[in-house]
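# An overview of the molecular structure
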Protein chains: 2
Amino acid sequence: MLAYVNEEAFKKTIKTGKAHYWSRSRKSLWLKGESSGNVQEIKEILVDCDADTIIYKVKQNGDAACHLGYDSCFFRKVDGNSLKIIGKRIFNPEDVYK
Amino acid sequence: MLAYVNEEAFKKTIKTGKAHYWSRSRKSLWLKGESSGNVQEIKEILVDCDADTIIYKVKQNGDAACHLGYDSCFFRKVDGNSLKIIGKRIFNPEDVYK
């Protein structure tokens, strides 16, 4: 998944060991998994060359990172002129987000 | 590495099989590796759930993706209050970008 992190989210992530992001639409701190329970336990945080992008390496609880129920948000690949689903569906969103 | 892709860069990538990006600072199409020779051969392109982020899975020629000469732009990890280099230095940028 790709999401936005601000200083508050970064500090909260370091402090708690759980991945936090900043929701720009809701303008609020976002603990990933707060609705689904699928929190991400931080294993390592990598920083890129110009220090404007980070990678959270995590243990994904519940095995699903995507709000659509897939293991990863990147569950489709370009296949000619269409997209082919290659991800694993872990849950049905209708069962999780009520 | 994280970089920007517009429609032109995406189409050129599909057509050539080599990773292209769009340089927002230079306002021009950017063939990754055009200076260093370290082009990226596309193996697969993944698309995320809301279709605003893609992953190029590539064979990285020259083994270095980062302009600082490391295998990856994410060559540092958070280590307490500092950053620790964990990436592999493949080349010296001064030798490559002249």
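Since this is a predicted model, take the numbers as computed values, not measurements.

With that out of the way, let us pick up the sheet that holds strand β4 (residues 54-60) of chain A. Spatially, 4 strands are ordered β4(A)-β3(A)-β5(B)-β6(B) in an open sheet, and the strand pairing comes out antiparallel. Edge positions in the open sheet fall to β4 of chain A together with β6 (82-85) of chain B, since each of these has one partner strand only. Averaged over neighbouring strand pairs, the angle between their axes works out to 40° when direction is ignored. Pairing geometry for strand β3 (residues 40-47) of chain A and strand β5 (residues 76-79) of chain B, over 2 bridges, is antiparallel. Bridging across to β5 of chain B, L46 of chain A finds its partner in K77 of chain B.

What follows covers the relation of the copies chain A and chain B. Mapping chain A onto chain B calls for a screw motion: a turn of 180° about the axis and a shift of 0.0 Å along it, with 0.0 Å RMSD after fitting. Overall, the copies show the geometry of a two-fold rotation axis. Taking the C-alpha atom as reference, chain A places L2 of chain A closest to the rotation axis, 5.3 Å from it. Mapped onto chain B, 100% of the interface residues of chain A again fall at the interface, so both copies present the same surface.

Do not read the predicted coordinates in detail wherever pLDDT is low. Summarising the model, chain A shows a mean pLDDT of 96, and 100% of its residues fall at 70 or more. The ipTM for the predicted assembly is 0.93, set against a pTM of 0.93.

Moving on, we come to the sheet that holds strand β4 (residues 54-60) of chain B. To summarise the sheet geometry, strands pair through backbone hydrogen bonds and adopt either a parallel or an antiparallel arrangement. Read from one edge of the open sheet, 4 strands run β6(A)-β5(A)-β3(B)-β4(B), paired in antiparallel fashion. The open sheet is flanked by β6 (82-85) of chain A together with β4 of chain B, the only strands paired with a single partner. The average undirected angle you get between the axes of adjacent strands in this sheet is 40°. Two strands pair when backbone bridges link them, and strand β5 (residues 76-79) of chain A and β6 of chain A are joined in this way by 4 bridges, in the antiparallel orientation.

Here we take up the side chain of S23 of chain B. All names here are of chain B. Structurally, S23 can be placed in strand β1 (residues 20-23). Given a relative accessible area of 7%, S23 falls into the buried group. A distance of 3.0 Å separates a polar side-chain atom of S23 from the backbone nitrogen of R26. Those residues in contact with S23, other than ones at most four positions away along the chain, are S28 and W30.

For the rest of this paragraph, the subject is the pattern of salt bridges. All names here are of chain A. Taken as a whole, this structure holds 6 salt bridges over all chains when the rule is applied. The salt bridge partner of K11 is E7, with a shortest N-O separation of 2.9 Å. Here the residue K11 and the residue E7 both occupy positions in helix α1 (residues 7-16), the gap between them amounting to 4 residues, near one helical turn. Note on accessibility: K11 and E7 belong to one class, exposed.

Counted by the stated rule, this structure contains 0 disulfides over all chains. The thiol sulfur of C49 of chain A is not disulfide-bonded, and the nearest other cysteine sulfur, from C73 of chain B, lies at 3.8 Å. With a relative accessible area of 18%, C49 of chain A lands in the buried category.

Taken together, the contacts link 24 residues of chain A with 24 residues of chain B. When the buried surface of chain A facing chain B is broken down by residue, C49, F74 and R76 of chain A rank first, second and third, together holding 31% of it. Between the two partners, chain A and chain B, sit 2 salt bridges. Measuring nitrogen to oxygen at the nearest pair gives 3.6 Å for the salt bridge that ties E44 of chain A to K77 of chain B. On inspection of chain A and its partner chain B, the count reaches 10 residue pairs in polar contact (both at pLDDT 80 or more). If you tally residues by element for the side of chain A that touches chain B, the top one is β3 of chain A, at 4 residues. Considered class by class, the residues forming the side of chain A that touches chain B number 18 nonpolar, 2 polar and 4 charged.

Rules and cut-offs
- In every chain, residue numbers begin from 1 and rise along the written sequence.
- Chain letters start at A and ligand numbers start at 1, both assigned in the order the entries are written.
- Where totals are concerned, whole chains, interfaces and linings use all residues; where local detail is concerned, this predicted model gives features only for residues with pLDDT of at least 70, and gives and counts side-chain atom pairs only at 80 or more.
- Side-chain numbers here rest on the full set of heavy atoms in the structure, without hydrogens or water.
- A strand pair is defined by DSSP finding two or more bridges across the two strands.
- Runs of H or I in DSSP of at least four residues are treated as helices and runs of E of at least two as strands, each being numbered from the N terminus.
- Only the stretch in contact is used when a helix axis is fitted, and all axes are lines through C-alpha atoms; the angle between N-to-C directions ranges over 0 to 180 degrees.
- Fitting of the copies onto one another was done by least squares over C-alpha atoms, counting residues only where both copies have pLDDT of at least 70.
- Any two residues whose heavy atoms approach within 4.5 Å are treated as being in contact.
- pLDDT: the predictor's confidence for each residue, scored from 0 to 100.
- Burial classes follow relative accessibility: with a 1.4 Å probe on protein chains only, a residue under 20% of its type's maximum area counts as buried, one over 50% as exposed, and anything between as partly exposed.
- Under this definition, polar contacts are N or O atom pairs within 3.5 Å; protein pairs additionally need one hydrogen-donor-capable and one acceptor-capable atom, and for neighbouring residues in sequence, both atoms have to be side-chain atoms.
- Just to be clear on terms, a salt bridge is a Lys or Arg side-chain nitrogen sitting within 4 Å of an Asp or Glu carboxyl oxygen.
- Any pair of cysteine sulfurs within 2.5 Å is marked as a disulfide.
- Two parts placed together each lose some accessible area; with a 1.4 Å probe, that loss summed over both constitutes the buried area.
- Classification used: nonpolar for Ala, Val, Leu, Ile, Met, Phe, Trp, Tyr, Cys and Pro, charged for Asp, Glu, Lys and Arg, polar for all others including Gly.

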